[in-house]
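Structural features, examined
Given next are the chains, with one letter for each unit.
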Amino acid sequence: MIDWLHDLPPFVGAVIVCASFVVPTLIGSAVLQPAVARLLRGEREANAAVGLLLSAFTLYFAVLLALLSVAVYENYGRAQDTIGREASSIITLYRDFSGYPEPQRTALRDALRQYVEEEAGPGWREQERGQVSDRGTLLVDELDNRLTSFRPDPTGQDLLHREALRTFDEFIDRRRARIQASRTSVPPVMWYVVILGAVLNVLVLWLFDLTRTTHFILGGVLTLFIGVVVYMVAVLDQPFRGVH
């Protein structure tokens, strides 16, 4: 929903997101708040009633942001873990290939080296857009074909070949997990709920019968913190994009 944030430096992105919450709140506090506060004018202990409403509402909104933050952080950690696991499988495969006879050994190692170069270069840029590198897929297919077509010598290569096939299966699973992690993101409906919750928080805050300066302070602090949390969730939502 806000993919453009990943193309900005962290400080600039954070300032833009926070300003998009704080500035409308301050303008509304100066222009709209008096009209909103008049809705409860004449009510006895209106501020107490509004305080109870705001406490309950902010509690549910805080829980929503907390759950969202935990979810994206877990996905971020899972994405890092998948990269490490795939790299570990690649290293093990490269070592296993050293036991194959020529010319299979050189062919397998070259294909694996080309795969690493592809996924760390052009393939990574494809991954940032949530896509899969076609060349990376072709190289994986080449490795699969070479391994499955190899007929080991029963005198000693059979055990090595079975181990290489097992490691290759792990490598495929971990590669699939990395691809899946790159495509996992917060559903757009969640962002709409977060934006709506922030707006309702401010509207309830405007119901208080307070001075304009107090509204500036309370509204500014509340929406600044909401903006920081939203920015954090947004940049961690897609862990393979941006400079984060």
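Structure first, text after, so check above.
So, here's what we can say about the structure. The structure displayed is predicted, hence computed values, not measured ones. (Residues numbered from 1 in each chain as written. Predicted model: local features only at pLDDT ≥ 70, side-chain atom pairs only at ≥ 80, totals over all residues. Heavy atoms only, no water.)

**Overview of helix H1 (residues 10-31)**
Put simply, the test is: Only DSSP runs of H or I reaching four residues or more are called helices, and only runs of E reaching two or more are called strands; each is numbered from the N terminus. Expected span, for any helix, means 1.5 Å times one less than how many residues it has. The quantity called bend is, for any residue, the angle between two axes fitted respectively to the seven residues ending at it and the seven beginning at it. The rule is simple: take the accessible area with a 1.4 Å probe, protein chains only, and divide by the maximum for that residue type; under 20% is buried, over 50% is exposed, in between is partly exposed. The contact criterion used throughout is that any non-hydrogen atoms of two residues lie within 4.5 Å.
Compared with an ideal rise of 1.5 Å per residue, which puts 22 residues at 32 Å, H1 spans 32 Å between its outermost C-alpha atoms and is within 8% of the ideal. Ala19 marks the point of greatest bend in H1, at about 30°. Residues Gly13, Val17, Cys18, Phe21, Val22, Thr25, Gly28 and Ser29 constitute the buried set of H1. Packing partners of the buried residues in H1 comprise helix H2 (33-37), helix H8 (188-206) and helix H9 (212-237).

**Re helix H7 (residues 157-183)**
Helix length check: H7 (27 residues) gives 39 Å between terminal C-alpha atoms against 39 Å at 1.5 Å per residue, within 8%. Regarding H7, the residues found buried are His161, Ala164, Thr167, Phe168, Phe171, Arg175, Arg178, Ile179, Ala181 and Ser182. Looking at the buried positions of H7, the neighbouring elements they touch are helix H3 (46-97), helix H4 (104-120), helix H5 (122-128) and helix H6 (134-149).

**Some words on the pattern of salt bridges**
The test is simple: The term salt bridge refers to a side-chain nitrogen of Lys or Arg lying within 4 Å of a carboxyl oxygen of Asp or Glu.
The full count for this structure, using the stated rule, is eleven salt bridges. Two residues, Glu118 and Arg135, come together in a salt bridge whose shortest N-O distance is 3.5 Å. Note that Glu118 is positioned in helix H4 and Arg135 in helix H6, a separation of 17 residues in sequence. Overall, the relative accessible area of 8% leaves Glu118 in the buried class. Here Glu163 makes a salt bridge to Arg166, at a shortest N to O gap of 2.4 Å. Placement of both Glu163 and Arg166 in helix H7 is noted, with a separation of three residues, approximately one turn of the helix. Owing to a relative accessible area of 31%, Glu163 belongs among the partly exposed residues under this scheme. Looking at Arg166, the relative accessible area reads 40%, which means it is partly exposed. A network of salt bridges, in which partner residues are shared, links Glu86, Glu119 and Arg178.

**Considerations on unusual backbone geometry**
Glycine aside, the phi torsion of most residues is negative, and most peptide linkages are trans. That bond from Glu102 to Pro103 is cis: its omega, 5°, falls within 30 degrees of zero. Mapping Pro103 onto the fold places it in the loop between H3 and H4.

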